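# Survey of secondary and tertiary structure
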Amino acid sequence: MQDILQQKVNKKLVGGYLFFCPDTLTLNEILLMCAKQILCDSNGDDNCPICQKVQCGSHPDVCVYPKGDAFSTDDSQSVILDANKKAILGEYKILMIKNLENSSEQSQNKLLKVLENPPKNTIFLISTTNLNKVLPTVKSRLLKVEIPPFDKQTLTQIFSEYQKQEDFALAMDYSNGYIGETKQILLDQDFLANYALAKNIVTNLKSSSEIVNYIVPKMSKNQFLDTVKFMQSMYRDIALVKSNKIELVKNKTLVSVFENISDEFSMKALVEIIKRINDVNKKQFSNVTLSLLFENLLTSILEVKYLCR
Ligand SMILES: [Zn+2]
C-alpha cells in the first residue's frame, strides 16, 4: 500500500495490481483504500468529498465489477469500453474487479486484451481469494500484492463503530486479522455464550458428576466448534502461563484466572488435552451426535487431567 503511494508520487503507477488474501471483505476494503490513495489529493487520509464518493460508490472515475455474481464476458466487454473513456474529475480512471477467481477462462482471456495494452492513466485494481484460479497470462500482466492480516490497532480502527459492543475486545483477539472473520464474530449472537461456556469448563469443571451442567442439548455445529476452539486456546494459555510466557497468551483478560488454576494441570496433561481436542475437531460429525461427542470430550479431558498429575 505504501508502494502505491510512492509510485503515485513518482508518477510510476503501473497499469494493474492484483491483490490477494483469503478474505473477500478484507480485499474489498483494500481496493477502496487504494482507489482513495490514487484519486484523493491527501492520499485518502482526509475523508474529503472525493474519498466519500469512492467509499459510497458514486465516483464517476471508479468503475466496479462484476456487475452480477461473477465477472462475465459481458463485464469484460464493458471494462474495455470503460477503460478507454477519459477520467472526468481527476487524472486517473480506476477499474476495480473483485473476486476474479469466480470468473470463467473465457472472460479472463477477454480481459487480457485490455490488460496487455492498458490505456494511459487507467489503473486496474483486481482482487482474488485464490491466485490459482487466475490465468497465468493475466497474472503476468499485473503487479501481485499479497495482503497480510491486519494488526490489532488497524482492525480496531476499521471496526471503531462496534467498540461499545460487549464482545469487541474478544473479537479483536479471535479474528486472525481479517475483516470477514471479525465481522462474523461481532454479528454472531452465540459468540459470547460459547466463550462463557468454554471458560466455565476450563476453570470450574472438576468432577465427572458435574459434566451434566455443561452439556448443551442439541448442540449446533457452530456452537460445538466455537466452544471447543475457545477451550483449546484456553488450555494452551494455561500452558503458557505455566511456562511464564504471559506475553503470548491469547485470552489476555483471563490471565489471573489461569494463574490461579494452573497448578491443577500438569504440563503433560495440557499437551494431551490439546491433542485430544484436535482429534475431535478432525472427526466428521452430524448434529445429532454433537452433544454426546461433547460429553465424551469433557469426560476424556477430566481423565487426562487426573491421570497426568
Ligand atoms: Zn480524500
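About the thresholds
Residues numbered from 1 in each chain as written. Predicted model: local features only at pLDDT ≥ 70, side-chain atom pairs only at ≥ 80, totals over all residues. Heavy atoms only, no water. Domains from an automatic or database assignment. Salt bridge = Lys/Arg side-chain N within 4 Å of Asp/Glu carboxyl O. Helix = DSSP H or I, 4+ residues; strand = E, 2+ residues; numbered from the N terminus. Donors = N, O, S within 2.8 Å, 3.2 Å for Na, K, Ca; no water. Tetrahedral: all angles 85-135°; square planar, octahedral: opposite > 155°, others 65-115°. Buried < 20%, exposed > 50% of the residue type's maximum accessible area, 1.4 Å probe, protein only. Expected span 1.5 Å × (residues − 1). Contact = heavy atoms within 4.5 Å. Lys, Arg positive; Asp, Glu negative; His and termini not counted. Polar contact = N/O pair within 3.5 Å; in protein donor to acceptor, adjacent residues only side chain to side chain. Arc of directions from axis to C-beta. Axes fitted to C-alpha atoms, helices over the stretch in contact; angles between N-to-C directions. Parallel < 35°, antiparallel > 145°, perpendicular 65-115°, else oblique. Left-handed = near helix turned anticlockwise from the far one by under 90°.

Where interface size is given, it is often the accessible area lost as the parts come together that is meant. Looking at the assigned domains, one finds that the protein contains domain 1 (2-148), domain 2 (151-188) and domain 3 (189-307). Each of domain 1 and domain 3 has a C-alpha centre, and these two points are 44 Å apart.

Under the definition given, this model contains seven salt bridges. The shortest N-O distance in the salt bridge between Lys152 and Asp173 comes to 2.8 Å. One end of the pair, Lys152, is in helix 7 (residues 152-158); the other, Asp173, is in helix 8 (residues 168-174), with 21 residues separating them in the sequence. The closest approach of N and O atoms between Glu264 and Lys305, which form a salt bridge, is 3.0 Å. Pair noted here: Glu264 is in the loop between helix 12 (255-261) and helix 13 (267-282) and Lys305 is in helix 14 (residues 290-307), with a separation of 41 residues, a long-range link. Beyond isolated ion pairs, a larger network of salt bridges with shared partners links Lys206, Glu264 and Lys305.

So, about the coordination of the zinc ion. The protein atoms donating to the zinc ion are Cys40 (SG), Asp46 (OD), Cys48 (SG) and Cys51 (SG), with metal-donor distances spanning 2.1 to 2.3 Å. Here the zinc ion is ringed by four donor atoms whose angles at the metal span 98 to 116°, and the overall shape comes out tetrahedral. When the donor residues of the zinc ion are listed from N- to C-terminus, their spacing reads C-x5-D-x1-C-x2-C. Overall, Cys48 belongs to the buried group, its relative accessible area being 14%. Of the residues examined, Cys51 reaches a relative accessible area of 1% and is grouped as buried.

Let us now look at helix 10 (residues 191-204). When the terminal C-alpha atoms of helix 10 are compared, their 20 Å separation across 14 residues agrees well with the 20 Å that a helix rising 1.5 Å per residue should span. Contact partners of the buried residues in helix 10: helix 8, helix 9 (179-187), helix 11 (221-242), helix 12 and helix 14.

A separate point is the side chain of Asp61. Following the sequence through the fold, Asp61 ends up in the loop between helix 3 (49-56) and strand 2 (62-65). Despite its burial, Asp61 pairs with no opposite charge; the closest candidate is Lys93, at 4.7 Å N-O. Only 2.6 Å separates the side chain of Asp61 from the backbone nitrogen of Ile88, close enough to count as a polar contact. Engagement of the side chain of Asp61 in a polar contact is seen with the backbone nitrogen of Gly90, the distance being 3.3 Å. If sequence neighbours within four positions are ignored, Asp61 has contacts with Ala87, Ile88, Leu89, Gly90, Tyr92, Lys93 and Ile94.

Once that is clear, we can look at unusual backbone geometry. Looking along the chain, the bond that leaves Tyr65 and enters Pro66 is cis, with omega of 0°. Mapped onto the secondary structure, Pro66 falls in the loop between strand 2 and helix 4 (73-83). Although it is not a glycine, Asn43 sits at a positive phi angle of roughly 60°. Within the secondary structure, Asn43 sits in the loop between helix 2 (24-39) and helix 3. Residue class for Asn43 comes out partly exposed when judged on its relative accessible area of 26%. Phi angles above zero are rare outside glycine, and Asn99 is one such case at about 50°.

Our focus in this paragraph is helix 5 (residues 105-116). Between its terminal C-alpha atoms helix 5 stretches 16 Å, which fits the 16 Å expected from twelve residues at 1.5 Å a residue. Of the positions making up helix 5, those classed as buried are Ser107, Gln108, Leu111, Leu112, Val114 and Leu115. Mapping the buried residues of helix 5 onto a view down its axis gives an arc of 170°, with all of them on the same face. Opposite its buried face, helix 5 presents the exposed residues Glu105, Gln106 and Lys113, each directed more than 90 degrees away.

Between helix 13 and helix 14, whose axes approach to 9 Å, the crossing angle comes to 160°. Considering their axes alone, helix 13 and helix 14 lie roughly antiparallel with respect to each other. Relative to helix 14, helix 13 is oriented so that their crossing is right-handed. Within the contact between the two elements, helix 13 uses Ala269, Glu272, Ile273, Arg276, Ile277 and Val280 and helix 14 uses Leu293, Leu297, Ser300, Ile301, Glu303, Val304 and Lys305.

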